[in-house]
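As a plain string of letters, each chain reads:
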Amino acid sequence: MVQITQVRLTPVNTPRHGSITCGHVLVELHTDDEQLVGVGEMSDFQHLPRYHVDVADLEGTLNELLVGLDALAITEVEARLERNFPQAGYIYDKSRTIKCGVDVAMWDLAAKRLGVRVVDLLGGPVRDSVPIAYPVFRQQREDDVERNLAMVARRVAEGFDHFRVYVGRRLDLDEAFLRAARDRFGDAITLKSLDFSNLLDPRAACRFVDRVADVGFDLVESPAPHHDLRGLAYARDRLPVPVSEHVYSFRWALDLAAADAVDVFNVSVIAIGGITPARRVFAIAEAAGKSCLVGTTQELSIGTAAAAHVAMATPSVTLPSDPVGPLLYTRDVVREPVSYVGGRLRVPDGPGLGMVLDPERVAACAGPLTWAATDAAAVVDRAPAAGPAPDGAAPAGVAGR
Ligand code: MG
Ligand code: MG
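Residues numbered from 1 in each chain as written. Chains lettered and ligands numbered in written order. Predicted model: local features only at pLDDT ≥ 70, side-chain atom pairs only at ≥ 80, totals over all residues. Heavy atoms only, no water.

**Let's talk about the domain arrangement of the chain**
Here comes step 1: In terms of domain boundaries, the chain breaks down into domain 1 (4-115) and domain 2 (120-367).
Here comes step 2: Taken over C-alpha atoms, the centre of domain 1 sits 23 Å from the centre of domain 2.
Here comes step 3: Each partner contributes residues to the interface: domain 1 has 37 residues there, and domain 2 has 43 residues.
Here comes step 4: For the pair domain 1 and domain 2, the summed buried area comes to about 3400 Å², and 65% of that belongs to carbon and sulfur atoms.
Here comes step 5: Counting across the domain 1 and domain 2 interface gives one salt bridge.
Here comes step 6: Of the charged contacts, one joins glutamate 78 and arginine 280 as a salt bridge, the two residues approaching to 3.1 Å between their closest N and O atoms.
Here comes step 7: Across the contact surface, domain 1 and domain 2 share 20 residue pairs in polar contact (both at pLDDT 80 or more). (Domains from an automatic or database assignment. Contact = heavy atoms within 4.5 Å. Buried area = accessible area lost by both parts, 1.4 Å probe. Salt bridge = Lys/Arg side-chain N within 4 Å of Asp/Glu carboxyl O. Polar contact = N/O pair within 3.5 Å; in protein donor to acceptor, adjacent residues only side chain to side chain.)

Listed below in structure tokens is the structure:
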């Protein structure tokens, strides 16, 4: 038996290209086998409400909860986490972020203990890499349209052909971008989705979808306010394309299934609180006959690798997924990051998640969580924090989901 002897948390801050800086907390589960360390990541705390967790206090709590448990005790760890960090049923619930970091580290640890990859522990791969839809963050100013078109051109040159477009604030600019993108790139790009991020009432969202329907897109995401089950059902009935919505609690997953309100579940490991609870949501989706995609808050490589292993192992994940954090952030913390080849996400070989912390890279971005490089407006409206955003990378907030 190998036991957990210490939980170590390390806060880090990573800027996005031309945008805000996001705080994350790295999780290490140390054991009485020195060689055996599970790693996880509490990704992207830069969401409202605008406070950060007390990392030292949290580390004390996690040590109290986990030290002495077996390295394979995924179920017991999840039960203790769920008791102490209950679901708030809210997309920015910081308890979910905390729980996710530990749960992912636990899967990494258990897989390493057995000498297998996380995807193998999840039942084995149904695909060897994950098709990705690259995000086009919401147009906010007229010059965003041209900047985003240039970003798409660069990403097409890198092999991406699926894009997802955030819409719903400046509809005139959204329409200008969509038409220009179709004119310029033709069939070389597929628009996976228009993502309204719960900004509009369902009638207004549907009117906009009608207005740009001839541009061609596969999916409409979040075309109603948060938790508006009837609004989603209305949009799903009304629209000629499938509708997707984020799932961030078991209750919400059950409600969406019972009301038959969407076609597609957007399941992100971070928003639901880890791999273990994500599996429960995939089970609900499968039983309800729903397709899934794996969503994101925009993680560093550890969190992205967790999303990749889950997407590789889950048959119901039939749509392109969303995590591109390692392309958005200017820094990472591992020796060999995940990679994007031909528009598909790949993880390095190796046991567990295939991730090894690089102490120098960690040290380069380690520091207390801070809001110094982020104001509330930047998070809410995703306005570039300062200066140009050469990559079209908007700040976090709803846009990152
Ligand atoms: Mg985010
Ligand atoms: Mg979304």
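**Here's the deal with the side chain of threonine 31**
Here comes step 1: Among the secondary structure elements, threonine 31 is positioned in strand E2 (residues 21-31).
Here comes step 2: On the accessibility criterion, threonine 31 (8% relative accessible area) is buried.
Here comes step 3: A distance of 2.8 Å separates a polar atom in the side chain of threonine 31 from the backbone oxygen of leucine 36. (Helix = DSSP H or I, 4+ residues; strand = E, 2+ residues; numbered from the N terminus. Buried < 20%, exposed > 50% of the residue type's maximum accessible area, 1.4 Å probe, protein only.)

**Quick look at the packing of helix H5 (residues 142-157) against helix H6 (residues 171-185)**
The relative placement of two packed helices is expressed as an angle between their axes plus a distance between the axes.
Here comes step 1: Running from amino to carboxyl end, H5 crosses H6 at an angle of 35 degrees, the nearest separation of the two axes being 10 Å. Read as a crossing pair, H5 and H6 show a hand that is right-handed. For the pair H5 and H6, the contacting residues are Glu142, Val145, Glu146, Asn148, Leu149, Val152 and Ala153 in the first and Leu173, Ala176, Phe177, Ala180, Ala181, Arg184 and Phe185 in the second.
Here comes step 2: Partitioning the contact of H5 with H6 into residue classes produces 10 nonpolar, one polar and three charged. (Axes fitted to C-alpha atoms, helices over the stretch in contact; angles between N-to-C directions. Left-handed = near helix turned anticlockwise from the far one by under 90°. Nonpolar A, V, L, I, M, F, W, Y, C, P; charged D, E, K, R; others polar.)

**Digging into the sheet that holds E2**
Here comes step 1: One open sheet holds the three strands; their spatial order is E1-E2-E3, and the pairing between them is antiparallel. Bordering the open sheet on either side are strand E1 (4-15) and strand E3 (37-42), each of which pairs with just one other strand. Strand after strand, the sheet turns through a mean of 20 degrees between neighbouring axes, direction not considered.
Here comes step 2: Sheet topology places E1 next to E2; 11 bridges connect them, and they run antiparallel. From the neighbouring strand, isoleucine 4 faces E2, where its bridge partner is threonine 31.
Here comes step 3: On top of the sheet, helix H1 (residues 55-66) reaches E1, E2 and E3; it is set at about 150 degrees to E1, its chief contact.
Here comes step 4: Packing against the sheet, helix H12 (residues 301-313) makes contact with E2 and E3, and its axis sits at approximately 100 degrees to E3. (Pairing = 2+ DSSP bridges.)

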